[in-house]
Amino acid sequence: MRIGSGVRTVSWLAAAVAALGVLTACGTDVDDITVGRGLGWPAPGHESRNSGTTAVTGSQDLSLQWSRPVGGPVVQPLTVGSDGQIFVTSRTDAECEIFSYQMPTGRKRFCNPLGPHAIYSPTLLDGANNVYVGLDSGVESDNLLGQPRWRTPVAGVPVGMQFTGDGHLLVITQSGQVDVLERQTGKRMVPTQQLLPQPDFLQSPNQDWPPAGAGLEDCRTGGPDCAVATVAAMDIGTGRIYATVRKPGASKAALVALRYGDGKVRQEWSREILAGGSATDPALSADGATLYVGDNSKRLIAVNTADGTPKWEAQLDWEPRRGISVSDDGLVIPAGDDGYLLALRDTGNSFERVWERKDLALRGSPVQTAGGIGYVTAAIGSGLNLVTFDTGTGATLDSDVLPGAQGTTTGTAVGAEGEVVVATRIGEIFAFADND
């Protein structure tokens, strides 16, 4: 009997190892999948700069095409693939945490289980609509049909991912672990970097490693328990990475510059300038010379990317949150649910207020498109509207109701054909398209 049980155990283990090998190492060494700007809205801030802009020409006359519930709350912005496929994370009773929908109809293509904390991880897409997403103590990649490609363990839950200039995957968790993974296999390409000091387990042998989801509830506001609360920006030309980091017990968060290259990730500079922490994704200017970031003292700060020294700061009437939209010609539009629609112009060592719309209370992240068109969700009356505005003047060009929507939205995405998609935090998706 014991011999038979042993045979069955060995057979089961062999099958499990074989299956794991397929899950973690499926792919080839040839990378012919494109990444980068212009393919839908593949990242929360559209691309590695987190610019919140797109080269797609926006429509001045949108109408609602469809809306549908996800089945659970939504914390992170949704993304849109090059062919219009939509991806979003949630947490549902059905134990589905990543969902995909088809743009024309809102029909669900797939939903997969990932674990309870995947809701805190935004999705990232490559040119073949392979999706990359974080989960409890890991990173997973699935293809456009939801079939697993690979899974790689990490410490914590990834709160942001970007593509590097050489086509790999930059991953940063809320606990401060930094990895660069091969997109085809999930293999680590460089030694892991830590943004926080690591405990000495020789001096404290009984100390436990923090749970994977530790501090995630604080990430939305950049609170003290979330070390890395934002999606890092990356300059793919130089390999520079810009992240916000709050050390345990610190009253301020630091803006940190790393560089990926020569087979490693190394820190270049760190500036502890973000008072009260930060919940604003850093955004790069088009030339890569200036980085914009907000903090919890109601400031929007522009810094020199060479050394992190401040160029200027604008005192806002609210705490900025989520993305900052930065056009190629320096028009900067911050977000924040306690704020209003406002545009600043970067003039080098200072700024000017171009226009403001105090009548439009923000309930999402503004984005800019080609043709001088912008979109943002705003509170109008007792509900929410998607407002189309002129980025040059701030004037409203169109306003469309989100039927039955309440609260706020997690972001704004623009598809390759000019579709505009938003998701509310309570878990409903709204898709708009040109009337023509």
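Residues numbered from 1 in each chain as written. Predicted model: local features only at pLDDT ≥ 70, side-chain atom pairs only at ≥ 80, totals over all residues. Heavy atoms only, no water.

In the nomenclature of an unreviewed UniProt entry, the protein is known as PQQ-binding-like beta-propeller repeat protein of Nocardia fusca.

Asker: Requested: an account of the overall build of the protein, with residues and values cited.
Answerer: When its secondary structure is counted, the protein shows one helix and 33 strands. A burial count over the protein gives 57% of its 436 residues as buried. Restricting to contacts in the protein with at least 6 residues of sequence separation, those with at least 24 account for 49%. Carbon and sulfur atoms provide 52% of the accessible area of the protein, an area that totals close to 17,200 Å². (Helix = DSSP H or I, 4+ residues; strand = E, 2+ residues; numbered from the N terminus. Buried < 20%, exposed > 50% of the residue type's maximum accessible area, 1.4 Å probe, protein only. Contact = heavy atoms within 4.5 Å. Areas by Shrake-Rupley, 256 points an atom, 1.4 Å probe, with all protein chains shown as cover.)

Asker: Summarise unusual backbone geometry; cite the residues concerned and give the values.
Answerer: One non-glycine residue with positive phi stands out, namely asparagine 50, at about 60 degrees. Positive phi, normally seen in glycine, also occurs at glutamate 95, with a value near 60 degrees. Turning to its location among the elements, glutamate 95 is positioned in the loop between strand S4 (86-89) and strand S5 (98-101). For glutamate 95, a relative accessible area of 57% puts it in the exposed group.

Asker: If you had to explain the nonpolar core to someone new, which residues and values would you point to?
Answerer: Leu78, Val80, Ile86, Tyr375, Leu402, Val421 and Ile429 are the most contacted members of the largest nonpolar core, which totals 31 residues. Those elements giving two or more residues to this core turn out to be strand S2 (62-69), S4, S5, strand S28 (373-380), strand S29 (383-390), strand S31 (409-414), strand S32 (420-424) and strand S33 (428-434). Not counting residues within four places of it along the chain, the set of residues in contact with isoleucine 429 comprises Trp66, Ser67, Arg68, Val70, Leu78, Val88, Tyr101, Val421, Val422 and Ala423. In this structure, Val159, Met234, Val245 and Leu258 belong to the second largest nonpolar core, which totals 28 residues. (Core = buried A, V, L, I, M, F, W, Y, C linked by side-chain atoms within 4.5 Å.)

Asker: Hey, could you go over the state of the cysteines for me, with residue numbers and the actual values?
Answerer: Any covalent bond linking the sulfur atoms of two cysteines counts as a disulfide. Per the stated rule, a full pass over the model turns up two disulfides. For the protein, the disulfide bridges join cysteines in the arrangement 1-2, 3-4, where the cysteines are counted in sequence order. (Disulfide = S-S within 2.5 Å.)

Asker: Residue-level account of the pairing of strand S9 (residues 138-142), with values.
Answerer: Among the five residues in S9, five count as buried, and that is most of the element. Burial along S9 is two-sided: Gly138, Glu140 and Asp142 and Val139 and Ser141, pointing in opposite directions, are all buried. In this structure, strand S8 (residues 131-135) lies alongside S9, joined through five bridges in antiparallel fashion. In the strand pairing of S9, valine 133 is matched with glutamate 140. The hairpin formed by S8 and S9 contains two residues between the paired strands, and serine 137 there has a positive phi angle of roughly 60 degrees. Here five bridges tie S9 to strand S10 (residues 148-153), and the two strands are oriented antiparallel to one another. Across the sheet, the residue bridging to aspartate 142 is proline 148, located in S10. (Pairing = 2+ DSSP bridges.)

Asker: Could you give me a rundown of the pairing of S28, with the residues and numbers involved?
Answerer: With respect to burial, S28 is a largely interior element, six of its eight residues being buried. Two elements, strand S26 (residues 351-362) and S28, share two bridges in a ladder whose sense is antiparallel. Within the sheet, the bridge partner assigned to alanine 361 lies in S28 and is alanine 379. Relative to S28, strand S27 (residues 367-370) runs antiparallel, the two sharing three bridges. The residue of S28 that forms the bridge with glutamine 368 is glycine 374. One ladder, built from eight bridges, connects S28 with S29; its direction is antiparallel. The residue of S29 that forms the bridge with alanine 379 is leucine 384. Between S28 and S29, which pair antiparallel one after the other, the connecting turn spans two residues, and glycine 381 there sits at a positive phi close to 65 degrees.

Asker: Explain the pattern of salt bridges to me, using residue names and the numbers behind them.
Answerer: Any two side chains of opposite charge can pair, so long as their charged atoms come close to each other. Following the criterion strictly, the structure yields 15 salt bridges and no others. Arginine 353 is paired through a salt bridge with glutamate 356; the nearest N and O atoms lie 3.4 Å apart. Looking at arginine 353, the relative accessible area reads 41%, which means it is partly exposed. Glutamate 356 gets classed as partly exposed once you look at its relative accessible area, which sits at 37%. In this structure, the salt-bridge partner of arginine 357 is aspartate 359, at a minimum N-O distance of 2.8 Å. (Salt bridge = Lys/Arg side-chain N within 4 Å of Asp/Glu carboxyl O.)

Asker: Describe the environment of glutamate 417, listing the residues and the values that go with them.
Answerer: Positionally, glutamate 417 belongs in the loop between S31 and S32. Distance from glutamate 417 to valine 56, taken between C-alpha atoms, is 7.4 Å for residues 361 residues apart in sequence.

Asker: Describe the layout of surface pockets, and please don't skip the residues or the numbers.
Answerer: By volume, the largest pocket is sized at about 650 Å³. Taken together, 35 residues make up the lining of the largest pocket; nearest its centre are Val75, Gln76, Arg220, Ala279 and Arg322. Within the residue set of the lining of the largest pocket, elements represented by two or more residues are strand S23 (324-326) and S31. Here the lining of the largest pocket takes three residues from S31, the largest share from any one element. (1 Å grid on protein atoms, 1.4 Å probe; cavity = no way out; pocket = protein on both sides within 12 Å on 5 of 7 lines; lining within 4 Å. Points joined across faces, edges and corners; volume = space filled by probe spheres on them.)

Asker: Go over the sheet that holds S33 with me, naming the residues and quoting the values.
Answerer: One open sheet holds the four strands; their spatial order is S2-S33-S32-S31, and the pairing between them is antiparallel. Strands at the two margins of the open sheet, each flanked by one partner only, are S2 and S31. Mean inter-strand twist for the sheet, computed between neighbouring axes without regard to direction, equals 15 degrees. By the bridge criterion, seven bridges tie S2 to S33 in an arrangement that is antiparallel. Across the sheet, residue serine 67 finds its bridge partner in S33, namely phenylalanine 430. (Axes fitted to C-alpha atoms, helices over the stretch in contact; angles between N-to-C directions.)

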